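Observations on the three-dimensional arrangement
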Amino acid sequence: MMKFQGSDILSVSQFDRESVSRILQVAQAMIPYANRQKRCYVLEGAILNNLFFEPSTRTRISFGTAFQLLGGFVHETVGQESSSLSKGESLFDTAKVISGYSDVITMRHPEMHSVSDFAKGSTVPVINGGDGANEHPTQALLDLFTIRAEMSRFGKGIDNLNIVLMGDLKHGRTVHSLSRLLSLYKNVHVTLLAPQPLQMPQYIVDVLTDAGHQVTITDTMAGNLKSDVVYQTRIQQERFSTLAEADKYRGHFSLNKTVYQQFCQDHTVIMHPLPRDSRPEANELDVDLNDNTNLAIFRQAQNGVLVRMALFALTLGVDEKLTQFEKPVTWFTNK
Ligand code: NCD
């Protein structure tokens, strides 16, 4: 198992299966705190600098919420224009300075490998919140946590899973990281469903086939959605050279009630990292599926808090001390 304390979390390639199990186990232990049954203040006095140089709702806010749920203080920087990066300062210099103000740093940046470059200058652990089209390790962990939780309803696990990854597989960092994590498990059948120009990069396909998984590459929904999980993704318009280029692919694989009834199994779980593009020309995941009990997207987003809490506890070395730092919740919690 990897040594978590003091480590950066930059890529899912850092993990073996045992390390992933440990993260998911600590995430599970966070449920009472996230659900407000108890408070945990094990990180009281600790400071997170949450640096987001690309748009984000879930990842940024759930990093901050996760840290605060463990009693820590969060400082936010949003957008390059509000930092000295816009004055030509290097990521290395920025890291040298900000790590002096922090106990841990979370960061999203539009360029591939930028978060690793930043981590080289940092004296505290850095957690990657997405670096361009490269990786999104915390998303992949929360996706795996979700798959495990959803499959347990049907007495299944991650081994022997049948999953469809769908949409913009070329630019989508979530499906890159998730595929790498799935390579740690046994006998997974992965269907890669995308318009041919947006298919999964070959180096990720190789990771799956090297793991002995069965990989089906297709651009047709009919006959290919009878799986345990369909993981839909958004056309990553910000990674295309022009908007018109991205527009060509919108709406190709809209998943709606009719498609679900026609092509999926009645227990197929629907996932999406969100945000879903709900504009009519895209409508990649229709709201007409909102009352389908197998639509896991909001449970999935909620699981992001648990997994991020687990990573903070592990990298700061307090994962064994949670129960020693508990308090009751004194306020009204849920309507
Ligand atoms: C994803 C991302 O930023 O890669 N969003 C997220 O973090 N949940 C997916 C996306 O933007 O399409």
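Residues numbered from 1 in each chain as written. Predicted model: local features only at pLDDT ≥ 70, side-chain atom pairs only at ≥ 80, totals over all residues. Heavy atoms only, no water.

1. Some details on the layout of surface pockets
Approximately 430 Å³ is the volume attributed to the largest pocket. Together, 21 residues line the largest pocket, and R108, R173, R234, L274 and P275 are the ones closest to its centre. Mapped by element, the contributors of at least two residues to the lining of the largest pocket are helix 3 (58-69) and helix 7 (173-182). Looking at the lining of the largest pocket residue by residue, the class counts come to 4 nonpolar, 10 polar and 7 charged. Of the voids in this model, the second largest pocket is the one considered here, and its volume is about 240 Å³. Around the second largest pocket, the lining residues are Q28, I31, A34, N35, F145, A149, E150, R299, Q302, N303 and L306. For the lining of the second largest pocket, the secondary-structure elements that each account for two or more residues are helix 2 (31-34), helix 6 (137-152) and helix 11 (297-315). (1 Å grid on protein atoms, 1.4 Å probe; cavity = no way out; pocket = protein on both sides within 12 Å on 5 of 7 lines; lining within 4 Å. Points joined across faces, edges and corners; volume = space filled by probe spheres on them. Helix = DSSP H or I, 4+ residues; strand = E, 2+ residues; numbered from the N terminus. Nonpolar A, V, L, I, M, F, W, Y, C, P; charged D, E, K, R; others polar.)

2. Some words on the packing of helix 1 (residues 17-29) against helix 11
At a closest axis distance of 8 Å, the pairing of helix 1 and helix 11 adopts a crossing angle of 110°. The angle between helix 1 and helix 11 falls in the class roughly perpendicular. Relative to helix 11, the crossing made by helix 1 is right-handed. From helix 1, R22, I23, V26 and A27 reach across to helix 11, where they touch L306, V307, A310, L311, A313 and L314. Along the lines of polarity and charge, the residues of the contact of helix 1 with helix 11 split into 9 nonpolar, no polar and 1 charged. (Axes fitted to C-alpha atoms, helices over the stretch in contact; angles between N-to-C directions. Parallel < 35°, antiparallel > 145°, perpendicular 65-115°, else oblique. Left-handed = near helix turned anticlockwise from the far one by under 90°. Contact = heavy atoms within 4.5 Å.)

3. Brief notes about the site of the ligand
T59, R108, H136, Q139, R173, T174, R234, Q236, P273, L274 and P275 make up every residue found near the ligand. Here an oxygen atom of the ligand and a side-chain polar atom of R234 are 2.9 Å apart. Class assignment for the residues of the shell around the ligand results in 3 nonpolar, 5 polar and 3 charged. (Near = heavy atom within 4 Å. Polar contact = N/O pair within 3.5 Å; in protein donor to acceptor, adjacent residues only side chain to side chain.)

4. Points about the side chain of Q236
Along the chain, Q236 falls in the loop between strand 9 (229-232) and helix 9 (243-247). If we ignore the near neighbours within four places in the chain, the residues touching Q236 are D168, H171 and G172.

5. A closer look at empty space enclosed by the protein
Enumeration according to the criterion identifies 1 cavity of 30 Å³ or more in this entry. Of the pockets and cavities examined, the largest cavity occupies roughly 80 Å³. Considering the residues around the largest cavity, the lining is formed by G167, Q232, T233, I235, Y249, R250, G251, H252, F253, S254, A282 and E284. A class-by-class count of the residues in the lining of the largest cavity yields 4 nonpolar, 6 polar and 2 charged.

6. A word on the environment of N292
Note that N292 resides in the loop between strand 10 (269-271) and helix 11. Placed 26 residues apart in sequence, N292 and D266 show a C-alpha to C-alpha distance of 10.0 Å. Not counting residues within four places of it along the chain, the set of residues in contact with N292 comprises Y260 and I270. At 2.7 Å, the side chain of N292 forms a polar contact with the backbone nitrogen of N294.

7. Concerning the sheet that holds strand 9
Taken in spatial order, the 5 strands line up as 8-7-6-9-10 in an open sheet, and their pairing is parallel. Strands with a single pairing partner mark the edges of an open sheet, and in this sheet they are strand 8 (214-218) and strand 10. Direction aside, the axes of adjacent strands within the sheet are offset by 15° on average. Two strands pair when backbone bridges link them, and strand 6 (residues 162-166) and strand 7 (residues 189-193) are joined in this way by 5 bridges, in the parallel orientation. Paired with V164 across the two strands is T191, which belongs to strand 7. (Pairing = 2+ DSSP bridges.)

8. Details of unusual backbone geometry
A cis amide bond links L274 to the next residue, P275, at an omega of 5°. Mapping P275 onto the fold places it in the loop between strand 10 and helix 11. One non-glycine residue, N160, lies in the positive phi region at around 70°. Within the secondary structure layout, N160 lies in the loop between helix 6 and strand 6. Residue L274 is not a glycine yet carries a positive backbone phi of 65°. Take L274: it is sitting in the loop between strand 10 and helix 11.

Scope: geometric values only; no functional claims are made or implied.
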